[in-house]
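Topology and contacts: notes
Residues per chain, in single letters:
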Amino acid sequence: MIDARGRLGPYLFLGPAILYLAIWVYYPIAKNFYLSFFTAGASRSDAPQFVGLANYQRLLSDDLFFRALMHNLAWVALSIVIPVVIGLVLAVLLVERRARLFYAAVFFLPVTVAPIMAAIVWGWIYNPTFGALNQFLAVVGLGGLAQPWLADPATALVAVNMIGSWGYYGFCALIFLAGLQGIDPEIYDAARIDGANSFRRFWSITLPLLKPTLVFVLVYTIIGSMKFFDIIYVATKGGPDNSTQIVAVYMFDLFIRQGEQHYAAAMSMVLTAIILVMSLLVIRNATRRT
Amino acid sequence: MHATFNRLGATLGANGLLILFVIISLFPVYLMFITSLKSQAELIQNVFALPRNPKWGNYPLVLIERSYYRAVINSLMLAGTVTIITIVLSCLAAYAFAVYDFVGRQLLFVLVLVGLMVSEVSILIPVYMLLKSWNLLNSFVGLVLPQIALGLSFGIFLMTTFFLQVPKDLVDAARLDGCTDLQLLMRVMVPVSIPAIGALAVIEFLWTWNSFFFPLVIATRQDLMPLSVAIIDFMGRFTFNYELVATTCVIMFVPILILYVLTQRSFRRGVTMGAVK
């Protein structure tokens, strides 16, 4: 009796969750893959037609798709250079402070603000007529730099990334802080006695020991930067002139507005594959060197 | 002497940087609050300061006259339901992973982890088709079901790492006392893991409350929209009523702010537990 329960028990407990994931995650991915090999019939009542790799071939010659993909990759780079580095610096500054949890709580506040709300509020800050940013620049004597940040293709992508960065450095800071607190302080004492200066200590002790945390943040940043949608959809809708177009927004547009579900399925398949490969590369590189 | 100056400079620089980021973190939130209380005219003349005549009337106007109380209820119901179901499913699955060794354990756990990398974007189209064929578009159930899938892997992962930390002696003792699996879960694992469950609850609630992508596609009928979609819908119709858009934003943010202030430790635990392992 006990034995039978022992054999069945775990599956009974796992059943609901696995079934759930099967319906709402695994099946959709398989279905998405399947859909990507078809195209809609000539009329609404016609069955979809198998077209092999035609949708993927179309992707290869779709300039807008490549532009969107480049913007996603630029977003990965910007997100590593700006919020991840800021988060690391803030965490290093905080780790030995008594008020660290207070600061961390304040820095984390933007993370709790919905991305759509951040996009709305920053839209006002960037507004050319009443925006706080241009007004601030005027006050400090840099009025010449004032511009319509989100409306100019030259500045739009970076400006919109600042919105994402604003909601992200607090997350990074909190995670780095937890990682730093896990490092044994005696290691630093030993290094101090050996005469290592603070930069040296950071470079040869903190960073290597922080590696698992760094890898997590990098992978998380890559996944987030490749799949994000809300901020662009609300702040710029991919404009002006497609200068902030990203894959998720382009795919959404193809699917919802243009009814191109098969082509959109191929696009999201490629995006998923890229996310997977990039994440695995970071993880593999990180584990090889240790 | 030189070294002391360096140190002083470094301390000043460090404090300056921290204060700068306190301001950067808080300013947009402050702006949102004051904008919701200003008139159109004041908005342009007076960007940074508090409103001279706060227009508190914007709140009843948006909530009652424009019926945004409905979106508040929708969001509360959506986030609440998703959070509860996610916790139940996660605890059940985590129990199996943490307590049992069984055929396929590794494989199933990897399958769960794969779910961590799957995004809304990769499953949008089939999920939409599935909901359509089950007649669940524009329904509360249709909003809840796929939303749970997005956080479930994280929940299982989090609860499994936590359940694994429960001392084995405790489990064995309960077993000897004749506890069934369900009793062991409810009377031992869950009570010991309340902090972790609290962390999962606040994170899941926040995610769902702020979620936008699926609800945007699934809830196109106004009376079903959660706040995130309702705000964008509102903006589409009243783009230049900045103060009213700000009011809707504040209405969406205040419950999260309260939750955040009250359960900060849970937030911190939820965010860092997944990362630092």
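Scoring rules and cut-offs
- Think of each chain on its own: its residues are numbered from 1, step by step along the sequence as written.
- Throughout, the order in which chains and ligands are written sets their labels, letters from A for the former and numbers from 1 for the latter.
- With pLDDT at 70 or above as the cut-off, local features in this predicted model cover only qualifying residues; side-chain atom pairs require 80 or more to be listed or tallied, and sums for whole chains, interfaces and linings still use all residues.
- For the purposes of this entry, the term helix denotes a DSSP run of H or I that reaches at least four residues, the term strand denotes a run of E that reaches at least two, and both are numbered from the N terminus.
- Note on method: radius of gyration uses C-alpha positions; expected globular size equals 2.2 Å times residues raised to 0.38.
- Field definition: a residue is buried when 20 or more other C-beta atoms are found within 10 Å of its C-beta, exposed when 12 or fewer are, and partly exposed for counts in between, with C-beta atoms placed from the backbone.
- For every element, the axis is a line fit to its C-alpha atoms; helices are fit only across the contacting stretch, and the angle between N-to-C directions ranges from 0 to 180 degrees.
- Orientation categories follow fixed angle ranges, with anything under 35 degrees roughly parallel, anything over 145 roughly antiparallel, 65 to 115 roughly perpendicular, and all other angles oblique.
- Here is the rule for handedness: rotate from the far helix to the near one, and if that takes an anticlockwise turn smaller than a right angle the crossing is left-handed, while a clockwise turn gives right-handed.
- Residues are treated as contacting if the C-beta atoms built from their backbones sit within 7 Å of each other.
- In this count, Pro and Cys sit with the nonpolar residues alongside Ala, Val, Leu, Ile, Met, Phe, Trp and Tyr, while Asp, Glu, Lys and Arg are called charged and the others, Gly among them, polar.
- Every residue carries a pLDDT, the predictor's confidence in it, which falls somewhere between 0 and 100.
- To form a nonpolar core, buried Ala, Val, Leu, Ile, Met, Phe, Trp, Tyr and Cys residues must be joined through C-beta atoms within 7 Å.
- Domain delimitation follows an automatic or database domain assignment.
- Expected helix span is computed as 1.5 Å times (number of residues minus one).

1. A few points about the overall build of chain B
When helices and strands are counted, chain B shows 14 helices and 0 strands. Going from the N terminus to the C terminus, chain B shows its helices and strands as α-α-α-α-α-α-α-α-α-α-α-α-α-α. A globule of 277 residues ought to have a C-alpha radius of gyration of about 19 Å, yet chain B, at 24 Å, is considerably larger. The burial tally for chain B puts 45% of its 277 residues in the buried class.

2. Quick look at the packing of helix α3 (residues 63–94) of chain A against helix α11 (residues 211–227) of chain A
All names here are of chain A. Remark: α3 packs on α11, axes separated minimally by 9 Å, with the N-to-C direction vectors making an angle of 140 degrees. By the angle between their directions, the pair α3 and α11 is classed as oblique. α3 and α11 meet at a crossing whose hand is right-handed. Contacts between α3 and α11 involve N72, W75, V76, S79, I80 and V84 from the former and V217, T221, I222, S225 and M226 from the latter. When the residues that make up the contact of α3 with α11 are grouped by side-chain class, the tally is 7 nonpolar, 4 polar and no charged.

3. Overview of the interface of chain B and chain A
With 64 residues of chain B at the contact, the number on the chain A side is 68 residues. Element by element, the count of residues in the side of chain B that touches chain A is highest for helix α1 (residues 2–35) of chain B, at 12 residues. Taken together, the residues of the side of chain B that touches chain A break down into 53 nonpolar, 9 polar and 2 charged.

4. Description of the environment of S268 of chain A
Its place among the elements puts S268 of chain A in helix α14 (residues 261–289). When the C-alpha atoms of S268 of chain A and L21 of chain A are compared, they prove to be 19 Å apart, with 247 residues separating the residues in sequence.

5. Quick word on the confidence of the model for chain B
Confidence in the prediction of chain B, expressed as mean pLDDT, is 89, and 96% of residues score 70 or more. We note a pTM of 0.91 for the whole complex and an ipTM of 0.90 for its interfaces.

6. Examining the packing of helix α4 (residues 68–99) of chain B against helix α10 (residues 194–210) of chain B
All names here are of chain B. One can describe the packing of α4 onto α10 by two numbers: an axis separation of 9 Å at closest approach and a directional angle of 140 degrees. Our classification of the angle between α4 and α10 gives oblique. In this structure, the crossing between α4 and α10 has a hand that is right-handed. For the pair α4 and α10, contact is made by S75, L78, A79, V82, T83, T86, I87 and S90 and by I197, L200, A201, E204, F205, T208 and W209, respectively. Residue composition of the contact of α4 with α10, by class: 9 nonpolar, 5 polar and 1 charged.

7. Looking at the nonpolar core
Generally speaking, a soluble globular protein has its nonpolar side chains buried in company with each other. Counting 169 residues, the largest nonpolar core has M117, C172, A173 and M251 of chain A together with A93, Y95 and C249 of chain B as its most contacted members. Here this core gets 16 residues from one element, more than from any other, and that element is α4 of chain B. If near-sequence neighbours (up to four positions away) are discounted, A93 of chain B is found in contact with F13, L14 and A17 of chain A together with I156 of chain B.

8. Let's talk about the domain arrangement of chain B
For chain B, the domain assignment lists domain 1 (2–35) and domain 2 (60–275). For domain 1 of chain B versus domain 2 of chain B, the distance between C-alpha centres works out to 34 Å.

9. Describing α10 of chain B
Residue and element names in this part refer to chain B. For α10, built from 17 residues, the straight-helix expectation of 24 Å at 1.5 Å per residue is met to within 8% by its first-to-last C-alpha distance of 24 Å. Summarising burial for α10: 12 of the 17 residues are buried, a large majority. Considered for burial, the residues of α10 that qualify are A196, A199, L200, A201, V202, I203, E204, F205, L206, T208, W209 and N210.

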